[in-house]
Amino acid sequence: MRLLPAALCWSPGRGLRGLTPGLSVNAPMEPGSSSTEKFYRIPKGKGPHSVGCTDLMTENAVEGSFLRLYYPSCSGTDNEEAPWIPDKEYYQGLSDFLNMYRVVGERLFQYYVGSVTCPAKSNAAFKLGEKYPLLIFSHGLGAFRTIYSAICIEMASQGFVVAAVEHRDESASATYYCKKKSISEPQEESTSGLEKEWIYYRKLKAGEEERCLRHKQVQQRAQECIKALNLILKINSGEEVTNVLNSNFDWNSVKDSIDTSRIAVMGHSFGGATVIESLSKEIRFRCGIALDAWMLPVGDDIYQNSVQQPLLFINSEKFQWADNILKMKKLSSNDTNKKMITIKGSVHQSFPDFTFVSGGLIGRFFKLKGEIDPNEAIDISNHASLAFLQKHLSLKKDFDQWDSLVDGIGPNVIPGTNIDLPPAEPE
């Protein structure tokens, strides 16, 4: 495990880690148990709705869409909770991302978090009778669709349909698409003649300029978010969509359940940059929320008034630095609908789920936890997000009770940034 500390470190100029997941393997367990579940759990949604989730992958191989949908579900269902990390190949991808031997990393992740579930019922029946606003979610570097479930489940419990995209730009630890098996290969009934073709995280090559790669990736990511939006709206209109994954979820139940006038985009780290890129390309996104955004991938053209929609930056206290903040401020200058707040005592990993399944001492040592309680940090982030969404999507909810958080007023939150900034350079 001596490799872990170096792999988890980050500083400007050395490349960003949108996710540093490895320390969850050190979460304490109950004696005699191989599960972290009883001591550490991903928090349940606090809204009035029960939450279900299901995975959707379209055809067209790598060009198709892959997402996990979180949604208000019928209560009282006996469906089981969804697995948190659903395939061993994700452990292998995380191991690559953390510079660990795959055989070691896979066994450690499987042993310590293999039985962790997220508190959403797998393929539960969709709750009919309302039109729900739609939120597209973009993950960070080295992450994938399932590990921001605390945020996505909370939003679904409050009445949103959330499509968490799994990006195929080689920024995820691992992802896959399905392809037809060759005739010579055994046909397994469960895969219906299909097999998974895995795509793993691509590290920078020697001498490669990071900004060039990340800018190319963020453009693909934005297109994948727009593609996911189009897919959900197609389902909402009643069009037949083929899901190549085996699932007993009734996609016809989603028809006419999306409020097509109330759509937003949200993401963490590299996903925050993806939010900005998506807003600049797609006006149907009425607003965006960027969680501890990494601004390096954002193209210079974006700063020339190409993001007209309202945008909320929610930053951690320990991650940001002056140049990154200055780019946010350049994007939001003289626009009262663009806001920035900072959660005191939080770290970059206060947003993904790993903060909830790692022990206190180890979590703080490897910066999976900050000085603030993880549940309080995520509540501040979620409440500010909900208040912002209510205002800019014109929702008739009670989320305005948290309006003060959007202005940085309240316990453990400040307006703007904690970072000392140099004087603004002349244009």
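Residues numbered from 1 in each chain as written. Predicted model: local features only at pLDDT ≥ 70, side-chain atom pairs only at ≥ 80, totals over all residues. Heavy atoms only, no water.

A.B. asks: Mind showing me how you'd approach the nonpolar core here?
C.D. replies: Nonpolar side chains tend toward joint burial in soluble globular proteins. By size, the foremost hydrophobic cluster in this structure holds 124 residues, and its most contacted members are Trp84, Ile85, Ile136, Phe160 and Phe313. Beyond its immediate sequence surroundings of up to four residues, Ile136 is in contact with Ala163, Val165, Cys225, Ala228, Leu229, Ala264, Val265, Met266 and Phe285. (Core = buried A, V, L, I, M, F, W, Y, C linked by side-chain atoms within 4.5 Å. Buried < 20%, exposed > 50% of the residue type's maximum accessible area, 1.4 Å probe, protein only. Contact = heavy atoms within 4.5 Å.)

A.B. asks: It is not clear to me how the packing of aromatic side chains should be interpreted in this structure. Could you clarify?
C.D. replies: Any aromatic ring pair is given by two values, namely how distant the centres are and how the planes are angled relative to each other. In this structure the tally under the stated criterion is 17 aromatic pairs. Between Trp198 and Tyr200, the aromatic rings sit 6.3 Å apart at their centres with planes inclined by 20°, giving stacked as the arrangement. Trp198 gets classed as buried once you look at its relative accessible area, which sits at 16%. Put simply, the rings of Phe66, Tyr90, Phe144, Tyr176, Trp198 and Tyr200 pair up and form one aromatic cluster. Over the face of the ring belonging to Tyr200 we find Arg102, whose NZ or CZ atom lies 4.2 Å from the ring centre. Across from the ring centre of Tyr176, 4.7 Å away, lies the NZ or CZ of Lys196, which sits over that ring. (Phe/Tyr/Trp six-rings, centres within 6.5 Å; stacked < 30°, edge-to-face > 60°. Lys NZ or Arg CZ within 6 Å of the ring centre and 35° of its normal.)

A.B. asks: Just to check I follow, could you spell out the side chain of Arg202 for this structure?
C.D. replies: With respect to the helices, strands and loops of the structure, Arg202 is situated in the loop between β8 (194-200) and α5 (210-236). Classification of Arg202 by relative accessible area gives buried; the value is 17%. Dropping the residues within four chain positions of it, Arg202 is found in contact with Glu170, Glu208 and Leu213. (Helix = DSSP H or I, 4+ residues; strand = E, 2+ residues; numbered from the N terminus.)

A.B. asks: Looking at this structure, how should I read the packing of helix α2 (residues 88-97) against helix α3 (residues 102-113)?
C.D. replies: Geometrically, a packed helix pair is captured by the angle between its two axes and the distance between the axes. Two elements in contact, α2 and α3, have axes separated by 8 Å at closest approach and are oriented at 125°. One element, α2, and the other, α3, form an angle in the oblique class. The handedness of the crossing between α2 and α3 comes out as right-handed. The segment α2 lies against α3, with Lys88, Tyr91, Gln92, Leu94, Ser95 and Asp96 engaging Arg102, Gly105, Glu106, Phe109, Gln110 and Val113. When its residues are assigned to classes, the contact of α2 with α3 shows four nonpolar, four polar and four charged. (Axes fitted to C-alpha atoms, helices over the stretch in contact; angles between N-to-C directions. Parallel < 35°, antiparallel > 145°, perpendicular 65-115°, else oblique. Left-handed = near helix turned anticlockwise from the far one by under 90°. Nonpolar A, V, L, I, M, F, W, Y, C, P; charged D, E, K, R; others polar.)

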